Amino acid sequence: MNDSELESLLGAYALDAVEPDEALAIEEHLAGCPRCRAEVAGYREVAALLGNAGEAAPEAVWERIADEIAGASRPAPPPLDLSRMEAGASGRPGTGRARRRVRPVYALAAVAAALALVVGILSAKVADLNNQVNAVSSALSRGGAAQQFIAAGNLPHREVTLAAKRGAPASARLLVRPGGTAYFENTAMKALPRGRTYQLWALASGRVVSLGVLGSAPHVVAVRVEPNMKTFMVTNEPEGGTSGPTTPVLAQGTIA
Amino acid sequence: MRDPGLGPDGHALNADEAGSDHAGPRGAPDASHPESASLRTSADMRADLQAASDANLVLAIARYHEEALAETYRRHAGAVFGLARRVLWDVALAEEVVQEIFLRLWNAPERFDPERGSLRSFLLAQTHGRAVDLLRSESSRRDREAREAASTATAGYDLEQEVFDLAVSDQVRQVLGALPFDQRRAIELAYFGGHSYREVAVLLNEPEGTVKSRIRAGLGRMHRELASTIARGADA
């Protein structure tokens, strides 16, 4: 098949309506043709709208899925350089993953842990890291729960002011909720150049542990704070973060 | 050391009082806290989870967060099930597809590339592919032929009505309804009927080339008309 024959099949391909040998030829073509990839992606979005019958999610199937993933032996998640805090976190993945069942409707737990873990995962990924972290924090800042929480300002929380030194104007603040969910909010730290990221640390029982990378121009980032963490610090680190601070502390603060 | 006006559960943060271990699962009511505070905490978490983008949920799934998979399931399993059932006409088989699709996401979340489209369209494309595979397998092909024969014999095989029975949005229905009949029919037979374009050509007694260009033209037109809907969906 030549290219124009292949392209004439893109619609049928997007609907899984081509023969297997045609599908192979199209996929080969797509691998090197961003324009055709975009065309297929567009058709699939249309198909998704057509196929969206708006039914209720079948709950019995979720029970089966939950059983399956609780019992399955999966490889442990890749070790992270960062986020050693996770070793003490309640939502610890991998080792000791509780064989419990989460119901979609009631699955309210560990959100901040999930978000902090997003930061953790990102730290393990090299490419485009800052962009992704910035996307996370800007997503949060667009009317997200963190923003609403901060705006509301009247939910129980402790506020830690992070400043260059005692008495200096605040660079950032950390709002810590009773359950350990915390929101880092940048108030005065300038965007870093390419290839650098802010990273948040905590002093926990005499050890410095990473709470995650914040991105090069953070606004609001959700992190997870353990009860034994009292002092928090921000440093400027290479993109991707490091396992321990490598530059002087830019801002710090302690829970009163 | 409590901030004045902090609220009665501020002490949960204090290691001296709360100890270094968490008292219980996050979000679980704590007997020492007033109920209202626990409820607020729980609502706060729900808001966080529900506010997370699909792409962030998938990142959390990559870290084996079952709660993130549960939230993804809550958002998309209904659509996955609806499409599978629509193509397969078999609830049990459709449920198997749902299970398979979400286990695939759990086991290989990296296969979803947010640059290439929404999670919804990724999941539904996988669902459709799997459903069509099942449909084309020998055993169900026989069932299907029998079923189609039966439904044609009894009530007339009214694809048009079936499509309109779907709970698609008014806008999608309108855009689909505005397509030239030939384009729409080819798309419906391929997508909902699970037929290849060659089979559609036989069913409609049209040349294969005509059928594939009708499918492409119809999808292209719908894509242009639904562009803003699609862009909104991708943000969600």
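Residues numbered from 1 in each chain as written. Chains lettered and ligands numbered in written order. Predicted model: local features only at pLDDT ≥ 70, side-chain atom pairs only at ≥ 80, totals over all residues.

Colleague: Quick question: what am I supposed to make of the overall build of chain B here?
Modeller: Looking only at helices and strands, one finds 13 helices and 0 strands in chain B. N-terminal to C-terminal, the α/β element order of chain B is α-α-α-α-α-α-α-α-α-α-α-α-α. Taken across its 236 residues, chain B has 43% of its residues classed as buried. Residue pairs at least 24 apart in sequence account for 58% of intrachain contacts in chain B once pairs closer than 6 positions are excluded. (Helix = DSSP H or I, 4+ residues; strand = E, 2+ residues; numbered from the N terminus. Buried ≥ 20, exposed ≤ 12 C-beta atoms within 10 Å, placed from the backbone. Contact = placed C-beta atoms within 7 Å.)

Colleague: What exactly am I supposed to notice about the overall build of chain A here?
Modeller: In terms of helices and strands, chain A carries 8 helices and 8 strands. Split into buried and exposed, the 256 residues of chain A put 49% on the buried side. Considering only contacts in chain A between residues 6 or more positions apart, those separated by 24 or more positions represent 61%.

Colleague: Explanation requested: the pairing of strand β5 (residues 207-215) of chain A in the structure shown.
Modeller: Side chains on a regular strand alternate between the two faces of the sheet. Residues and elements named next belong to chain A. Along β5, 7 of the 9 residues are buried, which leaves the element largely enclosed by surrounding structure. The pairing of strand β4 (residues 196-204) with β5 spans 7 bridges and is antiparallel. Opposite Leu200, over in β5, you have Gly212 as the bridge partner. Where β4 hands over to β5, the hairpin turn is made up of 2 residues, of which Ser205 adopts a positive phi near 50°. (Pairing = 2+ DSSP bridges.)

Colleague: It is not clear to me how the confidence of the model for chain B should be interpreted in this structure. Could you clarify?
Modeller: Residues and elements named next belong to chain B. The share of residues in chain B with pLDDT of 70 or more is 65%, and the mean pLDDT across the chain is 74. Mean pLDDT in chain B bottoms out at helix α1 (residues 15-18), which sits at 36, and peaks at helix α12 (residues 208-225), which reaches 95. Confidence over residues 1-40 falls short of pLDDT 50; this stretch has 58 contacts with residues more than four positions distant or in other chains. For this predicted complex, the interface score ipTM comes out at 0.72, alongside a pTM of 0.54. (pLDDT = per-residue confidence, 0-100.)

Colleague: Looking at this structure, how should I read helix α5 (residues 91-107) of chain B?
Modeller: Each α-helix winds once per 3.6 residues, and so residues spaced three or four apart point in a common direction. Compared with an ideal rise of 1.5 Å per residue, which puts 17 residues at 24 Å, α5(B) spans 24 Å between its outermost C-alpha atoms and is within 8% of the ideal. B:Ala94, B:Val97, B:Val98, B:Ile101, B:Phe102, B:Leu105 and B:Trp106 are the residues of α5(B) that are buried. (Expected span 1.5 Å × (residues − 1).)

Colleague: Explain the nonpolar core here, please?
Modeller: Side chains that are nonpolar tend, in soluble globular proteins, to be buried together. Counting 76 residues, the largest nonpolar core has B:Val80, B:Ala84, B:Val98, B:Ala190 and B:Ile215 as the members making the most contacts within it. With near-sequence residues (within four places) excluded, B:Ala190 lies in contact with A:Ala12, A:Leu15, A:Ala17, B:His195, B:Tyr197, B:Val200 and B:Ile215. Membership of the second largest hydrophobic core comes to 27 residues, among which are A:Ala182, A:Tyr183, A:Ala202 and A:Val213. (Core = buried A, V, L, I, M, F, W, Y, C linked by C-beta atoms within 7 Å.)

Colleague: Even after reading the chapter, I still don't get the confidence of the model for chain A, so can you show me in this structure?
Modeller: Regions with low pLDDT should not have their predicted coordinates read in detail. Residue and element names in this part refer to chain A. For chain A, per-residue confidence averages 73 on the pLDDT scale, and residues scoring 70 or more make up 66% of the total. In the model of chain A, helix α7 (residues 129-141) stands out as the element of lowest mean pLDDT, 47, in contrast to helix α2 (residues 10-14), which has the highest, 97. A low-confidence stretch, residues 75-100 stays under pLDDT 50, and its non-local contacts, those more than four residues away or across chains, total 48 contacts. Below pLDDT 50 for its whole length, residues 136-145 participates in 25 contacts with residues either more than four positions away or in separate chains.

Colleague: When you look at unusual backbone geometry in this model, what are you seeing that I'm missing?
Modeller: Most peptide bonds are trans, and most residues other than glycine sit at a negative phi. All names here are of chain B. For Trp89, which is not a glycine, the phi torsion comes out positive at approximately 55°. Along the chain, Trp89 turns up in the loop between α4 (66-88) and α5. Taking the number of C-beta atoms within 10 Å as the measure of exposure, Trp89 has 18 and is therefore partly exposed. Phi is positive for Asn205, which is not a glycine, with a value near 55°. Among the structural elements, Asn205 can be located in the loop between α11 (197-204) and α12. You can call Asn205 exposed: it has 6 C-beta atoms within 10 Å.

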